[in-house]
Structures are given as C-alpha cells and as structure tokens.
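# Understanding the architecture of this molecule
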Amino acid sequence: MVDVDYYSFRQLLKQATDRGGRIETRDTERWNAYIKTHKLNATAARAIAANRFDSPESVIIDLGGEGDGLYVYSDLEEGCLRLVYQS
C-alpha cells in the first residue's frame with residue numbers, strides 16, 4: 001500500500017464517476033471480476049488501511065490508465081492508500 005495525495009485521488013475519483021469507471025463493493029459483479037482479473041487481495045488492503053483510518057472505504061478505479069487500481073480512503077481523515085505490487 002502506498003500513500004496517495006487525497007485531493008488528487010478525489011479528482012481521479014470524480015473522473016471515474018463521470019466516465020463510468022468507478023467500481024464500488026456493492027457492484028459485486030464488476031468488483032469481483034476486476035479483483036479476479038487483476039489478482040488483487042482487497043481484504044488485505046482494507047485490513048492494512050484499517051490500521052491507519054477509522055472508517056476506510058474501498059473503491060476500484062478502472063479508466064484504462066495508469067491510475068487504475070484499488071484504493072482505500074477516508075474522507076473524514078482526508079487520506080488515501082493505493083494497492084501497488086512491487087516486482
């Protein structure tokens with residue numbers, strides 16, 4: 001998990017929302033497909049973020065760009081983490 005500038009994340013999230021690239025956990029079909037395709041461990045990412053934020057929320061951004069991926073954020077604490085695999 002890496003820190004992401006909260007305000008940059010909010011701009012990216014707005015773009016994803018406007019363009020249909022925002023995937024939330026309640027959209028289970030799209031969420032599960034993205035997680036499976038990209039082999040992400042959303043549970044571990046959320047657990048890591050829970051150590052940092054009181055009420056973390058998870059979202060996937062899928063716009064076909066380098067900003068795509070799983071983010072865990074807190075509006076209350078104005079913080080954001082992104083799941084990034086190191087190779």
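To keep things clear, this report deals only with the structure shown in the data block.

Conventions used here
- Residues numbered from 1 in each chain as written.
- Predicted model: local features only at pLDDT ≥ 70, side-chain atom pairs only at ≥ 80, totals over all residues.
- Heavy atoms only, no water.
- Phe/Tyr/Trp six-rings, centres within 6.5 Å; stacked < 30°, edge-to-face > 60°.
- Pairing = 2+ DSSP bridges.
- Helix = DSSP H or I, 4+ residues; strand = E, 2+ residues; numbered from the N terminus.
- Contact = heavy atoms within 4.5 Å.
- Axes fitted to C-alpha atoms, helices over the stretch in contact; angles between N-to-C directions.

Our focus in this paragraph is the packing of aromatic side chains. Within a pair of aromatic rings, the relevant descriptors are the distance that separates the centres and the angle that separates the planes. Per the counting criterion, the structure on display carries 3 aromatic pairs. Look at Tyr6 and Tyr7: their rings are 5.2 Å apart centre to centre, the planes differ by 85°, and that puts the pair in the edge-to-face class. Three or more aromatic residues joined by ring pairs form one cluster here, namely Phe9, Tyr71 and Tyr73.

Right, let's get into the sheet that holds strand E2 (residues 22-24). Two strands in a sheet stick together by hydrogen bonds in their backbones, pointing the same way (parallel) or opposite ways (antiparallel). A sheet is described by the order of its strands in space; here 5 strands give the open sequence E1-E5-E4-E3-E2, paired in antiparallel fashion. Edge positions in the open sheet fall to strand E1 (2-3) and E2, since each of these has one partner strand only. In this sheet, strand E5 (residues 79-82) lies alongside E1 in antiparallel orientation, the contact comprising 2 bridges. Across the sheet, residue Asp3 finds its bridge partner in E5, namely Leu81. Packed onto the sheet, helix H2 (residues 28-38) meets E2, strand E3 (57-61) and strand E4 (69-74) and runs at close to 70° relative to E3.

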